[in-house]
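Chain residues, written in single-letter form:
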Amino acid sequence: MNYFSSNFKLGILGGGQLGKMMLYDTRKFDIYTCVIDPSPEAPSRLACDEFTTGDLLDYDTVVNFGKHLDVLTFEIENVNVDALETLEKQGVKVFPSSKTLRTIQNKGTQKLFYRDHGIPTADFSRFAYTSEIDDAINHGGLNYPFVWKSARFGYDGTGVKVVRSISDLKDLPNVECITEQLIPFKNELAVIVARNAQGDVKTYPVVEMEFHPEANQVEYVICPARIPEEIAKKAESVALKVASEFKHVGLLAVEMFQTENDDILVNEVAPRPHNSGHYSIEASYTSQFEQQIRCILGLPLGDTASKVAGVMVNLVGAENHTGNVVYKNIENILAMDGVTPHIYGKKQTRPFRKMGHVTIVNKDLNTARTIAEQVKQTIEVISE
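Heads up: these notes are all about the structure in this document. Remember, predicted model here, so these are calculated numbers, not experimental data.

## Structural notes on the packing of helix 3 (residues 81–89) against helix 4 (residues 98–105)
- In the contact formed by helix 3 and helix 4, the axes pass within 9 Å of each other and the chain directions differ by 170°. Comparing the axis directions of helix 3 and helix 4 gives the class roughly antiparallel. The crossing of helix 3 and helix 4 is left-handed. Residues Val81, Asp82, Leu84, Glu85 and Glu88 of helix 3 touch helix 4, and the partners they reach there are Ser98, Leu101, Arg102 and Gln105.
- Taken together, the residues that form the contact of helix 3 with helix 4 break down as 3 nonpolar, 2 polar and 4 charged.

## Thoughts on unusual backbone geometry
- With omega at -10°, the peptide bond leading from Tyr144 into Pro145 counts as cis.
- Mapped onto the elements, Pro145 comes out in the loop between helix 6 (133–138) and strand 7 (146–150).

## Describing the layout of surface pockets
- As a volume, the second largest pocket reaches approximately 250 Å³.
- Considering the residues around the second largest pocket, the lining is formed by 14 residues, among which Val316, Gly317, Ala318, Lys376 and Ile379 are closest to the centre.
- The set of elements that each furnish at least two residues to the lining of the second largest pocket consists of strand 16 (309–316) and strand 21 (380–383).
- With 4 residues, the single largest contributor to the lining of the second largest pocket is strand 16.

## Re the packing of aromatic side chains
- Under the defined criterion, the tally for this structure stands at 6 aromatic pairs.
- Their ring planes at 75° and their centres at 5.8 Å tell us that Phe4 and Phe29 sit as a pair that is edge-to-face. Taken together, the positions of Phe4 in the segment before strand 1 (9–13) and Phe29 in helix 1 (residues 17–29) put the pair 25 residues apart, joining distant regions of the chain.
- Taking relative accessible area as the criterion, Phe29 reaches 22% and is therefore assigned partly exposed.
- Centroid distance Tyr144 to Phe146: 5.9 Å. Interplanar angle 10°. Geometry classified as stacked.
- Residue Phe146 is classed as buried on the basis of its relative accessible area of 1%.
- Directly above the aromatic system of Phe29 lies the positively charged group of Lys28, at a separation of 5.4 Å from the ring centroid.
- The ring of Tyr220 carries Arg369 above its face, with NZ or CZ at 4.1 Å from the centroid.

## Digging into the environment of Gly154
- For Gly154, the location among the structural elements is in the loop between strand 7 and strand 8 (160–163).
- Remark: the alpha-carbon pair of Gly154 and His357, spanning 203 residues in sequence, is separated by 21 Å.
- Ignoring anything within four residues of it in the chain, the contact list for Gly154 reads Lys107 and Gly159.

## Structural notes on the sheet that holds strand 9 (residues 177–181)
- In space, the 4 strands of this open sheet follow the order 6-9-7-8, with antiparallel pairing throughout. Only two strands of the sheet have a single neighbouring strand rather than two, namely strand 6 (124–127) and strand 8. Averaged over all neighbouring strand pairs, the angle between strand axes comes to 20°, with direction disregarded.
- Taken together, the 5 bridges between strand 7 and strand 9 define a ladder with antiparallel strand orientation. By the bridge assignment for strand 9, Phe146 is matched with Gln181.
- Packed on one face of the sheet, helix 5 (residues 107–116) meets strand 6, strand 7 and strand 9 and runs near 145° to strand 6.

Cut-offs applied
Residues numbered from 1 in each chain as written. Predicted model: local features only at pLDDT ≥ 70, side-chain atom pairs only at ≥ 80, totals over all residues. Heavy atoms only, no water. Axes fitted to C-alpha atoms, helices over the stretch in contact; angles between N-to-C directions. Helix = DSSP H or I, 4+ residues; strand = E, 2+ residues; numbered from the N terminus. Parallel < 35°, antiparallel > 145°, perpendicular 65-115°, else oblique. Left-handed = near helix turned anticlockwise from the far one by under 90°. Contact = heavy atoms within 4.5 Å. Nonpolar A, V, L, I, M, F, W, Y, C, P; charged D, E, K, R; others polar. 1 Å grid on protein atoms, 1.4 Å probe; cavity = no way out; pocket = protein on both sides within 12 Å on 5 of 7 lines; lining within 4 Å. Points joined across faces, edges and corners; volume = space filled by probe spheres on them. Phe/Tyr/Trp six-rings, centres within 6.5 Å; stacked < 30°, edge-to-face > 60°. Buried < 20%, exposed > 50% of the residue type's maximum accessible area, 1.4 Å probe, protein only. Lys NZ or Arg CZ within 6 Å of the ring centre and 35° of its normal. Pairing = 2+ DSSP bridges.

If you want it as structure tokens, here you go:
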């Protein structure tokens, strides 16, 4: 099929920053794109050929949006999977598949999938409602500390809480959830696997994620991870197993823990471009966003190697600031060598909202990490 400068239509469910960055590459290749998002102000609205405002969880909306498209993908997991299944039956190619998304969308079924397929992961329990956890604690089936996760609709640190005592449970929503054993770990790692419909597969280098202690959001992504080669190989082989068991088509970001004993446990996955791969726009031969397009169109996969070391800093809304956004001191970071800010196009900031990211590239990883610290201390995302 001819995808370039042709009648071919690619659809993207979700018009946030991930969609926007994917559209850099569809424009480069002149691929016709249609995007749907609930917000008329979505970052992707300016970069696609057709933009539709609509509810991604509404069955009819998604079917009507997708039925005239050749290939459909998504940049967010919270979409109507029944609609995707219907579109597949009607002949629209949906990548990653509705079956994969249905498993991943619910953290309980995602964890069961790992258990059933021999993929290492932390021990867990499933609950229909958070209120049932009290009983499990009282009857000795569950011990503190543990991690509570909402089964659905969690993102960017919401829907996750470390529970150390009964008082930590009281403000949690009463929803379907899982609890996980709290794993003492040395590092949080991630591997992005790229796999196309023909089964060709490549992995990006293992990255290391440094988290913000309060917001439970990634503060720095460091590529390559500062770990021994045998640990990197182990993480890569676990990530490849996950992608293979899902028969995945597209990008799969596999987040993992490196335990104190150097075991690798899968935390969770994202079936799309991911925060842990943003560094690739500047640092890699093929960015994760171009790779996603190559995967879902069945094109040859690009080189995943890094040209230079890369560190990514998330730009999130400062605490106590809500309203029209101002990027304070952005000129100062633009004056630093190897520093590239990406502004997502969200006009309104609020505390901890992801508003952009900055990539720092350098031949030397330690230098890049030092500059990243300076970037973090210099730029502020505030309101007018």
